[in-house]
Amino acid sequence: MTINIQPLTPDDRAAWEVLARGYKEFYKTPTTDAEYAAAWSRLLAQDGVHGLAARVDGRLVGLAHYLFHTSVWATTNCYLQDLFTLHAARGKGVARALIEAVAAQARQRKAARYYWLTQEHNAVARVLYNKVGKYQGFIRYDYPL
């Protein structure tokens, strides 16, 4: 099986939305049609956010959304915001290929850090994350606005 990683293209809209909705459903994050449309527009325009597609036999089977940001301690950090694969593509190297493709972009931009978050219950993904990354022990809190 050959996995091809490429930037999202306008032709990916329908397949991207299937994956994006799967991601949002997994994390129980209600998202409106308008929010999907806005996200898609921003991804295509690379308006502060970027998207990669994983394809197998021409079919979009995974996605990665990422962004670069500054911090007090580094001018460039890379945050992998969303990573999702179709159920049938899991365990076949798709997520790892997407993680590595974003890492290549982070290296190209000379990012000081490349990181992501996941929920504690995401045991399947954490098996991979523990192989490719290092858990630093942080716990995230959200303040309602």
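Here goes a summary of the coordinates provided. (Residues numbered from 1 in each chain as written. Predicted model: local features only at pLDDT ≥ 70, side-chain atom pairs only at ≥ 80, totals over all residues. Heavy atoms only, no water.)

Examining the packing of helix 3 (residues 94-108) against helix 4 (residues 123-132)
Part 1: One way to put it is that helix 3 packs onto helix 4 with a least axis distance of 11 Å and a crossing angle of 45°. Taken together, helix 3 and helix 4 sit at an angle that is classed as oblique. Read as a crossing pair, helix 3 and helix 4 show a hand that is right-handed. Mapping the contact onto sequence places A95, R96 and I99 in helix 3 and L128, Y129, K131 and V132 in helix 4.
Part 2: Among the residues making up the contact of helix 3 with helix 4, the classes are represented as 5 nonpolar, no polar and 2 charged. (Axes fitted to C-alpha atoms, helices over the stretch in contact; angles between N-to-C directions. Helix = DSSP H or I, 4+ residues; strand = E, 2+ residues; numbered from the N terminus. Parallel < 35°, antiparallel > 145°, perpendicular 65-115°, else oblique. Left-handed = near helix turned anticlockwise from the far one by under 90°. Contact = heavy atoms within 4.5 Å. Nonpolar A, V, L, I, M, F, W, Y, C, P; charged D, E, K, R; others polar.)

Topic: the environment of F138
Part 1: Secondary-structure assignment places F138 in the segment after helix 4.
Part 2: In this structure the C-alpha to C-alpha distance between F138 and L117, which are 21 residues apart in sequence, comes to 9.4 Å.

Thoughts on the pairing of strand 2 (residues 50-56)
Each regular strand shows side chains that alternate between the opposite faces of the sheet.
Part 1: Burial runs high along strand 2: 7 of the 7 residues are buried.
Part 2: Here strand 2 shows a buried face lined by H50, L52, A54 and V56 and a second buried face lined by G51, A53 and R55.
Part 3: Inspection of the sheet shows strand 1 (residues 3-7) paired to strand 2 by 5 bridges, in the antiparallel sense. Residue N4 lies in a different strand from strand 2, and its bridge partner there is R55.
Part 4: Bridge analysis of strand 2 against strand 3 (residues 59-69) gives 7 bridges, and the strand direction is antiparallel. Considered in strand 3, the bridge of H50 is made with Y66. (Buried < 20%, exposed > 50% of the residue type's maximum accessible area, 1.4 Å probe, protein only. Pairing = 2+ DSSP bridges.)

Observations concerning the pattern of salt bridges
Part 1: Tallying each qualifying case throughout the model produces 6 salt bridges.
Part 2: The shortest N-O distance in the salt bridge between D12 and R55 comes to 2.4 Å. Taken together, the residues span a long stretch of sequence, with D12 in the loop between strand 1 and helix 1 (13-26) and R55 in strand 2 at a distance of 43 residues.
Part 3: Owing to a relative accessible area of 7%, D12 belongs among the buried residues under this scheme.
Part 4: Residue class for R55 comes out buried when judged on its relative accessible area of 10%.
Part 5: Here R21 makes a salt bridge to D33, at a shortest N to O gap of 2.5 Å. (Salt bridge = Lys/Arg side-chain N within 4 Å of Asp/Glu carboxyl O.)

Comments concerning helix 2 (residues 33-45)
Part 1: The first and last C-alpha atoms of helix 2 sit 18 Å apart over 13 residues, in line with the 18 Å expected at 1.5 Å per residue.
Part 2: Those residues of helix 2 that sit buried are Y36, W40 and L43. Axial view of helix 2: buried residues confined to an arc of 65°, hence all on one face. Of the residues in helix 2, the exposed ones pointing more than 90 degrees away from the buried face are A34 and A45.
Part 3: Elements in contact with the buried residues of helix 2: helix 1, strand 2 and strand 3.
Part 4: Backbone geometry just after helix 2 places Q46 at a positive phi near 50°. (Expected span 1.5 Å × (residues − 1). Arc of directions from axis to C-beta.)

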